[in-house]
Amino acid sequence: MTLLAIETSCDETSAAVIRDGHVLSNIVSSQIRLHAEYGGVVPELATREHLRNWLPVTQAALRAALVEPAQLDAIAATQGPGLPNALMVGFKAAQALAFALRKPFLGIHHHEAHLYSPWVAGDPPAAAFAAFEPNVSLIVSGGHTMLVHVRAELDHHVLGSTLDDAAGECFDKVAKLIGLPYPGGPELDRLAAEGDPAAYDFPRPLLREANDDFSFAGLKTSVRYFLQKNSALLDNAQSIRDLCASVQAAIVETLVTKTLRAARRLGVPCVTASGGVSCNRSLREDLAAWCAREGFTLRLAAKDLCADNAAMVGILAERKLLHTGPLTDVDAEIESRWVLG
Ligand code: KG4
Ligand code: ZN
């Protein structure tokens, strides 16, 4: 099966061509530089960029895959959740293509696409579902932080999620307090590499609670109060590195401890992680160390598939079509608040 997938849920315009589990192309046009000026994603600008970019990005994906539109067997697109007008661009464009080409259409849940992205591996990347094991999966990005129990392929339920800010949002907001450029997560990660994670003590939210939920708003607030009292600290480069490392340690310890606790409790053999924050060096290292110590297989999303991309949407869509799941109508609407069921 040859399938085209389009993703426009936030600030990346992406198109990918998938054939029989292989990613033939995955073009991602990021708007990071556009939004950096405003310190965050501006929905109106994102929509305009998606409108401008979806066709050239889709043409580039088809060209890179050496596939003509007539050779496509199916079309997929992210249906939700995400920024409503941004979602609408890719979703409606994909529906129009499916209608014109008379091909089956499938709307995909963005978090579900992240959830299965650790099962895409290799160079060039391909689906590795033959190695599938029941797992506890951590999805961490700028918009979402959740733990999911994946009992079997396409059979999952959410264990817990963030009660307020997502982990990536916490990285970005703390970075802004420190004065780092947007998006702060990668920059904070870079500075933390040369800092002392034990220099300052920040709260590990909900770490001792017997649930699988997260909360990062309090951590961000405690950094704000800390900086109000210790503003001189920002004049010293090493203190900034120590602060970055200390905040990162609080976030990563919370994520890793809760993920491993859920995996132990549910008796699964495997742990997976995906989403933009799963690029974080310390999170990847600590998950690897703990999983090795406790005998869990660890599958991390490949670095270029951590952030938003259409390859993960296409791989999941093809899997669903092979399991003969229901199709989506070509006149169905986006689901901007779609909850992962
Ligand atoms: O998955 P993603 O591209 O978009 C959403 O769906 O939100 O994730 C973007 C988020 C941003 O908050 C960004 O700061 C964070 O992922 N991020 C990181 C790192 N790389 C990206 N956070 C911490 N360390 C990183 N290395
Ligand atoms: Zn995402």
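Below is a summary of the structure that appears in this document. Just so we're clear, the structure is a prediction, and the values are computed from it rather than from any experiment.

1. Here we look at the overall build of the chain
So, step 1. Summing up its helical and strand segments, the chain has 11 helices and 12 strands in all.
So, step 2. In terms of overall dimensions, the chain is globule-like: its C-alpha atoms have a radius of gyration of 20 Å, near the 20 Å expected for 341 residues.
So, step 3. When its C-alpha atoms are laid out on the principal axes, the chain stretches across 65 × 45 × 35 Å.
So, step 4. Here the chain holds 341 residues, and 53% of them are scored as buried.
So, step 5. Pairs at least 24 apart in sequence give 74% of the contacts found in the chain among residues at least 6 apart.
So, step 6. Summed over its atoms, the accessible surface of the chain is roughly 14,400 Å², and 53% of this surface lies on carbon and sulfur atoms.
So, step 7. Measuring between centres, the 30 positive side-chain charges of the chain sit 1 Å from its 39 negative side-chain charges.

2. Some details on the pairing of strand β8 (residues 135-140)
So, step 1. A large share of β8 lies buried, amounting to six of its six residues.
So, step 2. Alignment of β8 against strand β9 (residues 145-152), held across six bridges, turns out to be antiparallel. Within β9, the residue paired with L138 across the bridge is L147.
So, step 3. In textbook terms, the turn of a hairpin is the stretch between consecutive antiparallel strands, and for β8 and β9 this stretch comprises four residues.

3. Let's talk about helix α2 (residues 43-65)
So, step 1. In this model α2 runs 31 Å from its N-terminal to its C-terminal C-alpha over 23 residues, within 8% of the 33 Å that 1.5 Å per residue would give.
So, step 2. Of all the bends in α2, the largest measures some 45° and sits at N53, one to four residues before the proline P56.
So, step 3. Trailing α2 by a residue or two, L66 shows a phi angle of about 55°, which is positive.

4. What to know about the site of ligand 1
So, step 1. Surrounding ligand 1, one finds 18 residues, the nearest of these being G142, D172, D189, G276 and N280.
So, step 2. Take D172: an N or O atom from its side chain is 2.6 Å from an oxygen atom of ligand 1.
So, step 3. Here an oxygen atom of ligand 1 sits 3.2 Å away from a polar atom, N or O, in the main chain of G185.
So, step 4. Look at ligand 1: alone it shows 560 Å² of surface, and the protein chains cover 87% of it.
So, step 5. Listed by contribution, the elements that provide at least two residues to the shell around ligand 1 are α4 (110-116), α5 (167-178) and α6 (184-192).

5. Overview of the coordination of the zinc ion (ligand 2)
So, step 1. Ligation of the zinc ion (ligand 2) by protein atoms is provided by H110 (NE2), H114 (NE2) and D308 (OD), these donors lying 2.1 to 2.2 Å from the ion.
So, step 2. Angles of 88 to 148° at the metal separate the four donor atoms of the zinc ion (ligand 2), which places the site in the irregular class.
So, step 3. Between consecutive donor residues of the zinc ion (ligand 2), the sequence gaps follow H-x3-H-x193-D. One end of the pair, H110, and the other, H114, are both in helix α4, four residues apart, so they sit about a helical turn from each other.
So, step 4. For H110, a relative accessible area of 1% gives the class buried.

6. A closer look at unusual backbone geometry
So, step 1. Of note, the bond from D123 into P124 is cis; its omega dihedral lies within 30 degrees of zero at 0°.
So, step 2. By the secondary structure assignment, P124 is in the loop between β6 (120-121) and β7 (126-127).
So, step 3. A cis amide bond links Y182 to the next residue, P183, at an omega of -10°.
So, step 4. Looking at the element boundaries, P183 is found in the loop between α5 and α6.
So, step 5. Located in the positive-phi region is R102, a residue other than glycine, with phi close to 55°.
So, step 6. Along the chain, R102 falls in the loop between α3 (84-101) and β5 (105-109).
So, step 7. By relative accessible area, which is 76% here, R102 ends up exposed.
So, step 8. You will see that T324, though not glycine, has its phi angle at about 45°, which is positive.
So, step 9. Structurally, T324 is set in the segment after α11 (310-322).
So, step 10. Given the relative accessible area of 67%, T324 is considered exposed.

Parameters and conventions
Residues numbered from 1 in each chain as written. Chains lettered and ligands numbered in written order. Predicted model: local features only at pLDDT ≥ 70, side-chain atom pairs only at ≥ 80, totals over all residues. Heavy atoms only, no water. Helix = DSSP H or I, 4+ residues; strand = E, 2+ residues; numbered from the N terminus. Rg over C-alpha atoms; globule rule 2.2 N^0.38 Å. Buried < 20%, exposed > 50% of the residue type's maximum accessible area, 1.4 Å probe, protein only. Contact = heavy atoms within 4.5 Å. Areas by Shrake-Rupley, 256 points an atom, 1.4 Å probe, with all protein chains shown as cover. Lys, Arg positive; Asp, Glu negative; His and termini not counted. Charge placed at Lys NZ, Arg CZ, Asp CG, Glu CD. Pairing = 2+ DSSP bridges. Expected span 1.5 Å × (residues − 1). Bend = angle between axes of the 7 residues up to and from the residue. Near = heavy atom within 4 Å. Polar contact = N/O pair within 3.5 Å; in protein donor to acceptor, adjacent residues only side chain to side chain. Donors = N, O, S within 2.8 Å, 3.2 Å for Na, K, Ca; no water. Tetrahedral: all angles 85-135°; square planar, octahedral: opposite > 155°, others 65-115°.

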